[in-house]
Amino acid sequence: MILLVEDDSASRYALARILRNKGYEVIEATDGNEAFALFEKSHFDLVITDLKMPNQTGLVLIARIRVKWPNMPILLMSGFLSEAAGKLVAEGLAKFIHKPIEPEDLVATVQRLLRKSN
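Residues numbered from 1 in each chain as written. Predicted model: local features only at pLDDT ≥ 70, side-chain atom pairs only at ≥ 80, totals over all residues. Heavy atoms only, no water.

A.B. asks: What's the story with the overall build of the chain in this structure? I'm lost.
C.D. replies: Counting its secondary structure elements, the chain contains five helices and five strands. Over its C-alpha atoms the chain spans a radius of gyration of 13 Å, differing by no more than 12% from the 13 Å that the globule rule assigns to 118 residues. C-alpha atoms of the chain, sized along the principal axes, occupy 30 × 30 × 30 Å. Across the 118 residues that make up the chain, the buried fraction comes to 42%. Within the chain, contacts between residues separated by at least 24 positions form 60% of all contacts whose residues are at least 6 apart in sequence. Accessible area of the chain: about 6,300 Å², with a carbon and sulfur share of 52%. Across the chain, the centroid of the 15 positively charged side chains sits 5 Å from that of the 15 negatively charged ones. (Helix = DSSP H or I, 4+ residues; strand = E, 2+ residues; numbered from the N terminus. Rg over C-alpha atoms; globule rule 2.2 N^0.38 Å. Buried < 20%, exposed > 50% of the residue type's maximum accessible area, 1.4 Å probe, protein only. Contact = heavy atoms within 4.5 Å. Areas by Shrake-Rupley, 256 points an atom, 1.4 Å probe, with all protein chains shown as cover. Lys, Arg positive; Asp, Glu negative; His and termini not counted. Charge placed at Lys NZ, Arg CZ, Asp CG, Glu CD.)

A.B. asks: What am I meant to see in the packing of aromatic side chains here?
C.D. replies: The description of two aromatic rings rests on the distance between their centres and on the angle between their planes. Under the defined criterion, the tally for this structure stands at three aromatic pairs. Summarising the aromatic geometry, the rings of Phe-36 and Trp-69 are spaced 6.0 Å apart at their centres and angled 65 degrees between planes, so their arrangement reads as edge-to-face. Here Trp-69 lies in the loop between helix H3 (58-68) and strand E4 (74-78) and Phe-36 lies in helix H2 (residues 32-41), a separation of 33 residues in the sequence. Accessibility expressed as a relative area gives 25% for Trp-69, which makes it partly exposed. Their ring planes at 40 degrees and their centres at 4.5 Å tell us that Phe-39 and Trp-69 sit as a pair that is tilted. A residue pair is termed long-range when its members are at least 10 positions apart, and Phe-39 in helix H2 and Trp-69 in the loop between H3 and E4 qualify at 30 residues. According to the relative accessible area criterion, Phe-39 is buried, its value standing at 3%. (Phe/Tyr/Trp six-rings, centres within 6.5 Å; stacked < 30°, edge-to-face > 60°.)

Printed below as a string of structure tokens:
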């Protein structure tokens, strides 16, 4: 099951639809706080999160996830890679995909991350 965290509803809907059309089960969250609450209730195989969100950024969400689930595959999405996000990616704590996201790139990256974690 994939947790998709994106504050922009149109983007979240489009990304979820792409993944669902490929057979993935996707749970959606609008920000890091909602995502972490869902994490407490369900098991996820992969987290896809936006970098810039209200209430709790993707960086904070990733840090919180890493404390409890250090091996969780995480895909960070953004139109730009900040220095802090770049450090997370360089340290192997998350993979990065650049927005706007091409559907084929999203699916290929998700497949790769899920294959690695199994």
